[in-house]
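What follows is each chain in one-letter form.
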Amino acid sequence: RQSLKIGLVPADGIGKEVIPAARRAIEALGSDIPKPEFHDLVAGFEHFTRSGTALPEETVRALREDCDAALFGAVSSPSRKVTGYTSPIVALRKELDLYANIRPVVSVSADPRGKPSIDMVVVRENTECLYVKQETMIHTETGREARATRLITERASRRIGKMAFEIALKRPRKLVTIIHKSNVLSVTDGLFRETVRGVPKLPEVAGRYDNVTIAEQIVDSAVYRLFREPEIYDVMVAPNLYGDILSDAAAALVGSLGLVPSINAGDHFVMGEPVHGSAPDIEGKGIANPIAAIRSAALMLRHLGYEKGADRVDNAVNSVLREGQFATPDLGGKSTTAEVLDAILKRI
Ligand code: NAD
Ligand code: MN
């Protein structure tokens, strides 16, 4: 690659504060990555209230045709139903077929040479389960009755399974834990469990995952063990809803949502996205933690194969966290977004 074309979609709230910070971190890498070329793109609830569309076609086109990768900030999604509004992040995952949401959760050790006590990756299926959003409401004699469709396909379970095994291969422990509830939902979760378990036996991967250990855990007990003994997990793979909840819960174990990055990945595109939302309570105050967004940029680079650039960003972030001098209020500090960013840029 001559240049790396990155779409920037800050969207709503603190997305507009943390995405520019992530851009600065990428720019600081110099020749460790191809020359970055940024495309500023719009989406989000605020854009919807101005224009009537949350995800302009031009944004989707530009991401698809002009960009190698993207960084997405956060959207504000109203919990009441707003006519005509659908979440642009959910739509983008679908439009670009970003079927895996990958969220590493790592604690920072006080000792730079020490091992982090929590070091796991949640691999969440990103396209189906209850998030197909087929909900209906009927009126009965005893009141309203709401129903939702939960879709689990073999195809989606297989590709998310493969993604989890691929990630496990690159990690020292090489352990994949399948999260499900097939004791109750034997058809849907049963299919997910059975399909992921079957991945190493597929002819096209013959022998590739021989060194990967498979474990499984019912989702409720998985949450229990996640809080009591998080160190037992390496790679967790889960259907959409369980994965969503597990990855936010896991984020709480390492301090703040403001630290946890993710990528949405497909076979042809990758989009970094901090796990947190638009944080309306701190919007505009200049105190949003930029680390989740900056780490999302590092993950995006790593997924594209730029390990060295990604390592430089991650090491800089880890030093700042360990030193503890620059920390935003969500971590108990008094620093601003700009001060934390500066400290990270200096260490890159
Ligand atoms: P949130 O993640 O926006 O905020 C939860 C809490 O964490 C808030 O107190 C917030 O101040 C704090 N926080 C989050 N990120 C932070 C950061 N970088 N630095 C410092 N503090 C941070 O979740 P919420 O309040 O439940 O939702 C707010 C809006 O965001 C809602 O409209 C929701 O729909 C949306 N949301 C979007 C996404 C997404 O874009 N993927 C994810 C979650 C929520
Ligand atoms: Mn979530």
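The text that follows walks through the structure, step by step, so that each part is easy to find. (Residues numbered from 1 in each chain as written. Chains lettered and ligands numbered in written order. Predicted model: local features only at pLDDT ≥ 70, side-chain atom pairs only at ≥ 80, totals over all residues.)

### Details of the site of ligand 1
Inference 1: In the vicinity of ligand 1 lie 21 residues, with S77, G258, H276, G277 and N289 positioned nearest.
Inference 2: When its residues are assigned to classes, the shell around ligand 1 shows 11 nonpolar, 8 polar and 2 charged. (Near = placed C-beta within 6 Å. Nonpolar A, V, L, I, M, F, W, Y, C, P; charged D, E, K, R; others polar.)

### Quick notes on the pairing of strand 5 (residues 119-125)
Consecutive side chains of a regular strand alternate in pointing toward one face of the sheet and then the other.
Inference 1: Among the 7 residues of strand 5, 6 are classified as buried, and the element is accordingly described as predominantly covered.
Inference 2: Here strand 4 (residues 100-106) runs beside strand 5; their pairing, made up of 7 bridges, is antiparallel. Residue pairing across strands places V105 opposite M120, the latter belonging to strand 5.
Inference 3: Sheet analysis places strand 5 next to strand 10 (residues 235-238), joined by 4 bridges and oriented parallel. Bridging from a neighbouring strand, V122 pairs with M236 of strand 10. (Buried ≥ 20, exposed ≤ 12 C-beta atoms within 10 Å, placed from the backbone. Helix = DSSP H or I, 4+ residues; strand = E, 2+ residues; numbered from the N terminus. Pairing = 2+ DSSP bridges.)

### Quick look at the pairing of strand 7 (residues 143-148)
Inference 1: For strand 7, a buried count of 0 out of 6 residues is recorded, marking the element as mostly open to its surroundings.
Inference 2: Bridge count between strand 6 (residues 135-140) and strand 7: 6 bridges; the pairing is antiparallel. Residue H139 lies in a different strand from strand 7, and its bridge partner there is R144.
Inference 3: Taking the residues between adjacent antiparallel strands as the criterion, strand 6 and strand 7 are bridged by 2 residues.

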